[in-house]
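One letter stands for each residue in the lines below.
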Amino acid sequence: METAEIRRRWLNFFEKNGHTVVPSAPLIHDDPNLLFVNAGMVPFKPYFLGQQTPPWDRATSVQKCVRTQDIEEVGKTSRHGTFFQMNGNFSFGDYFKEGAIKLAWELITTPQEAGGFGLDPDRIWPTVFEDDDEAIALWLELTDVPKERIVRRGLADNYWHMGVPGPGGPCSEIFYDRGAEYGPDGGPAVDEDRFMEFWNLVFMQYDLSVVRSKVDFDIAGPLPAQNIDTGMGLERIASILQGVDNMYEIDEVYPVLARAAEMTGKEYGKNSGQSAGDSHPDDVRLRVVADHVRSSLMLIGDGVTPGNEGRGYVLRRMLRRSVRSMRLLGFEDPCLPELLPVSLERMKQSYPELETGFDRIAQIAYAEEDAFRRTLASGTTILDTAVARTKSEGGSVLAGDQAFALHDTYGFPIDLTLEMAQEQGLEVDREGFTRLMQEQRERAKADAKAKKSGHANTEVWKDLRALGATDFRAYEELTSEATVVGLVVDGERVEELEPGQRGQVILDRTPFYAESGGQIADDGVISSDGAHLKVVDVQRPIKGLIAHTVEVLTGPIRIGSPVLAEVDEEWRLSACQAHSGTHVVHAALRQVLGPSALQSGSYNKPGYLRLDFAWNQGLSAATRSEIEEVANLAVRQDLPVRALHMTLPEARDFGALALFGETYGETVRVVEIGGPWSRELCGGTHVRHSSQVGALTITGESSVGSGVRRLEAFVGMDALRFLARERAIVAELATLVNAQPHELTERIGAMVTRLKDAERELDKARKDALFADAAKLVDGVKDVGGVAFLAHHLGEAGADDVRGLVLDLRGRLGVDRPSVVVGTAVAKGRPLVVVATNEAARAKGIKAGELVRTAATTLGGGGGGKDDIAQGGGQDPTKVGEATNAVEWRVGELAARS
């Protein structure tokens, strides 16, 4: 049974049993504690936490998830993967343990021809929490499972909570016996490779007040309503139903693995055992490729772009691990253009939007592979230098800090460092590398813990949200009469705010726009009798609640006070111009470049906008001009702007673009400009007609990552002010060069040409003078242990001049006897040194690279190069003489040894 069919049967079964089918949320979720959605229940957390009232009693979904904490284990076991899909059914105060167990048993044991999964009941092993006698009784009553196959387990295995205060409860996991060939008998407590867990039924019935660890927490009491949260790993049930050994061999993953094996000439499974844990390294690498290519496809599809932090770093790491694994398998050409389309063919059955956006996805992925291939090239040079230095010092082990620097700073994989060092006869200090990596992980865990602890700070907002949602009036009005329902200072509720204090004000209704969707918050004031508050920020700490950060100018302000909330009208108008301008530029961009130039992020504030979009090369001046012209033509046409509300499927059918990084509910707001010309899902504020955007001028275009470009622009009065400044600069330049504005390009171009010609002539004259003295410099050669040694300090000079003189002097010294030439100079306040040796000197073991390092050590820097010529530098220009003496001493030492 194909994975897409398993997915379809799951949703059909629960829909027939009264559940509302909820589409998968994007992998990017608005949860401060999560990089990605990592469990099927994440989109439902507000309902389980009591922050929102669920719109249904029963729901079901197949949720896209990514977990990366065990990324190093991918491919080594049958359980670890990064992207996966979680089948879930949820009850919000409706059915509880009896319903969950009954539904689960029915679905998994109903024959396939009758629409179920058709699992053999004799192979099913449930586990329950050790004290949950009720669950055991229900399993015996509702199913055919005998008591000896129902296993009691402790908190570590059969109790679920979120790791923070909130709902929790015992759970019942369902395992499938895959057979004796996978391990010993005895049930899940004995072997979890043979007995594979594929479904977890969580019985949420308690409110946890304090959570210290997985097994150490305090229970405040029962929840007001008992809930059900279940999760069935789609990939796990697929591996069972398809009769394959692990998740990497199911129909959605294996085709990529097979193509990678074909490309590398490997025969998957030939040298591995039955269990994934008994796998040959080549098979592990093939699984890494299959998993990471699919995960990257899904992440880019949901709007993640490669970067150096957060989500972008996770994606970059997976793409690079894929490329690295292919290289270790012997394939050194670009591989993603061969592999990504294979993954698309399998995943588009369940996620057709991937095919629609594949041009954009491919641009980003292929650009990242190209960038990494360049990184490998530069990293190889750095590694070669480190290896040469280690060998020259008589070492046989590459230092752990050097391997870590290659990994951490240059993105050079440790596996590649090990491989290439071994090729050159060196080992790598793995212990030192591992220690530094562990220190980095500990820092990352500390950061993650700090972020996670921030969830506790939402308790104050949960309490305020319980009083009711904020009536959001920003679309309809700029001024609202309201009542203060909450005041917060430093995360704690207070009764009043006094003059000079800064805190958050919660109103029962507000005209202020809270920052979201790339649009910054409104500016304005909140006032009442005797109180005047400046609003400096507006945020949504949790869904349904709007918090106004204020500075109290006069006061105090108290809970219950009637107030007048007033948005700065000019601020709002400029913000609307910028946000509508962003939509206009986006539509113009897609009209000029094509539909693959899809927005991947935006930011707008009064008078200014920036827009990030998928594209793998810079835009020419002509293209930028065309985009600007299309945008301004749309502004001039006075296109109508309207907002519509509809369901998410309706919005997609309507042709609305769902932008990346945003989370949408069942009902969405579509902003349309000029009918179908621009339709986007958007919660921002907008002008009523495109002409109200005013002037629009693009001010810059740049790269912000692999396959991602950024446009910046001014709108309205800010655009006119920008153009006025540009006009003033043109007028001033025209006066300076005594030309008309239209003559500036030709006149200034001619001036630049003359200046460059003059600079070249001066440079030639300087070099001629420099080399004219070379013959005299040869007279200063010294004999150091039979080696001709010549040193010269050029004063202020560049590296090219020093290098040229050193090579000239080496040539003048001839080849009859060993020769060493040292040139030093000071460039921009920093000392530099160049050393050249002839073949006779190198035959005596006197190498330029070693001599440069000797000099650089004295100068407080570093350097390197080849045996015949090398260059270095440092920090202290006063030690140039000492550095030259150190080189001379070292030459004498080496000459004496030979």
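Cut-offs used in this document
Residues numbered from 1 in each chain as written. Predicted model: local features only at pLDDT ≥ 70, side-chain atom pairs only at ≥ 80, totals over all residues. Heavy atoms only, no water. Helix = DSSP H or I, 4+ residues; strand = E, 2+ residues; numbered from the N terminus. Buried < 20%, exposed > 50% of the residue type's maximum accessible area, 1.4 Å probe, protein only. Contact = heavy atoms within 4.5 Å. Areas by Shrake-Rupley, 256 points an atom, 1.4 Å probe, with all protein chains shown as cover. Lys, Arg positive; Asp, Glu negative; His and termini not counted. Charge placed at Lys NZ, Arg CZ, Asp CG, Glu CD. Core = buried A, V, L, I, M, F, W, Y, C linked by side-chain atoms within 4.5 Å. Pairing = 2+ DSSP bridges. Phe/Tyr/Trp six-rings, centres within 6.5 Å; stacked < 30°, edge-to-face > 60°. Lys NZ or Arg CZ within 6 Å of the ring centre and 35° of its normal. Axes fitted to C-alpha atoms, helices over the stretch in contact; angles between N-to-C directions. Expected span 1.5 Å × (residues − 1). pLDDT = per-residue confidence, 0-100. Salt bridge = Lys/Arg side-chain N within 4 Å of Asp/Glu carboxyl O.

Asker: How do you make sense of the overall build of the chain when you look at a structure like this?
Answerer: Scanning the chain from N- to C-terminus turns up 26 helices and 35 strands. With the C-alpha coordinates of the chain rotated into their principal frame, the extents come out at 105 × 75 × 50 Å. Counting across all 898 residues of the chain, residues that qualify as buried make up 51%. Taking contacts inside the chain between residues at least 6 apart in sequence as the whole, the part at least 24 apart equals 68%. Element-wise, carbon and sulfur atoms account for 48% of the exposed surface of the chain, whose accessible area totals about 39600 Å². Of the charged side chains in the chain, 99 are positive and 133 negative; the average position of the first set lies 4 Å away from that of the second.

Asker: In this structure, what is going on with the nonpolar core? I would like to understand it.
Answerer: Among soluble globular proteins, nonpolar side chains are generally buried collectively. By size, the foremost hydrophobic cluster in this structure holds 110 residues, and its most contacted members are Ile108, Phe198 and Trp199. The contact partners of isoleucine 108, leaving out residues within four places of it in the chain, are Phe117, Gly118, Leu119, Ile124, Ile174, Phe198, Trp199 and Met232. Ala578, Leu593, Leu609 and Leu696 belong to the second largest nonpolar core, which has 30 residues in total.

Asker: What exactly am I supposed to notice about the pairing of strand β9 (residues 217-233) here?
Answerer: On any regular strand, side chains alternate: one points to one face of the sheet, the next to the other face. Note that strand β3 (residues 83-92) and β9 share five bridges and pair antiparallel. When the sheet's bridge partners are listed, serine 91 is paired in β9 with isoleucine 228. Of the pairings in the sheet, the one linking strand β8 (residues 195-211) to β9 comprises 11 bridges and is antiparallel in character. The residue bridging valine 210 from the neighbouring strand is aspartate 218, located in β9.

Asker: Looking at this structure, I do not really get the packing of aromatic side chains. What am I missing?
Answerer: Two aromatic rings are characterised by how far apart their centres lie and by the angle between their planes. Going through the model one piece at a time under the given rule, you end up with 25 aromatic pairs. For the pair tyrosine 47 and phenylalanine 92, a centre-to-centre distance of 5.8 Å together with 80° between the ring planes defines the contact as edge-to-face. Of this pair, tyrosine 47 sits in helix α2 (residues 45-48) while phenylalanine 92 sits in strand β3; the two residues are 45 residues apart in sequence, bridging distant segments of the chain. Each of the two residues, tyrosine 47 as well as phenylalanine 92, counts as buried. Over the aromatic face of tyrosine 351 sits the side chain of arginine 7, whose NZ or CZ is 5.2 Å from the ring centroid. The ring of phenylalanine 472 has arginine 540 lying over it, and the distance from NZ or CZ to the ring centre is 4.8 Å.

Asker: Can you help me understand the environment of asparagine 38 in this one?
Answerer: Within the secondary structure, asparagine 38 sits in the loop between β1 (20-21) and α2. Residues asparagine 38 and threonine 82, spaced 44 residues apart in sequence, show a C-alpha to C-alpha distance of 9.5 Å.

Asker: Honestly, the sheet that holds strand β24 (residues 608-614) in this entry has me stumped. Any pointers?
Answerer: Sheets are built from strands paired through backbone hydrogen bonds, the pairs being either parallel or antiparallel. Strand order in the open sheet made by the four strands is β23-β24-β29-β28, with antiparallel pairing throughout. Both edges of this open sheet fall to β23 (599-605) and β28 (696-705), since each of them pairs with a single strand only. The sheet shows a mean angle of 15° between the axes of neighbouring strands, direction not considered. Pairing of β28 with strand β29 (residues 708-715), which is carried by eight bridges, proceeds in the antiparallel orientation. Considered in β29, the bridge of leucine 696 is made with valine 715. Lying over the sheet, helix α17 (residues 569-593) contacts β23, β24, β28 and β29, oriented at roughly 30° with respect to β24.

Asker: What is the right way to read helix α9 (residues 310-328) from this model?
Answerer: With 19 residues, α9 should cover 27 Å at 1.5 Å per step; its first-to-last C-alpha distance of 27 Å lies within 8% of that length. α9 sits mainly inside the fold: 14 of its 19 residues count as buried. Count one or two residues on from α9 and you reach glycine 330, which has phi positive near 105°.

Asker: Help me out: how do you make sense of the confidence of the model for the chain in this one?
Answerer: Note: predicted coordinates in regions of low pLDDT should not be interpreted at a detailed level. Per-residue pLDDT for the chain averages 89, and the proportion of residues at 70 or more is 96%. Low pLDDT, under 50, characterises residues 448-456; the stretch is placed with 10 contacts to residues that sit more than four places away or in other chains.

Asker: Any chance you could explain the pattern of salt bridges here in plain terms?
Answerer: Within this structure, the stated rule accounts for 46 salt bridges. Where glutamate 743 meets arginine 747, a salt bridge forms, and the shortest distance between an N and an O atom there is 4.0 Å. Under the relative-accessibility criterion, arginine 747 is labelled partly exposed at 32%. The residue arginine 812 makes a salt bridge to aspartate 808 at a minimum N-O spacing of 2.6 Å.

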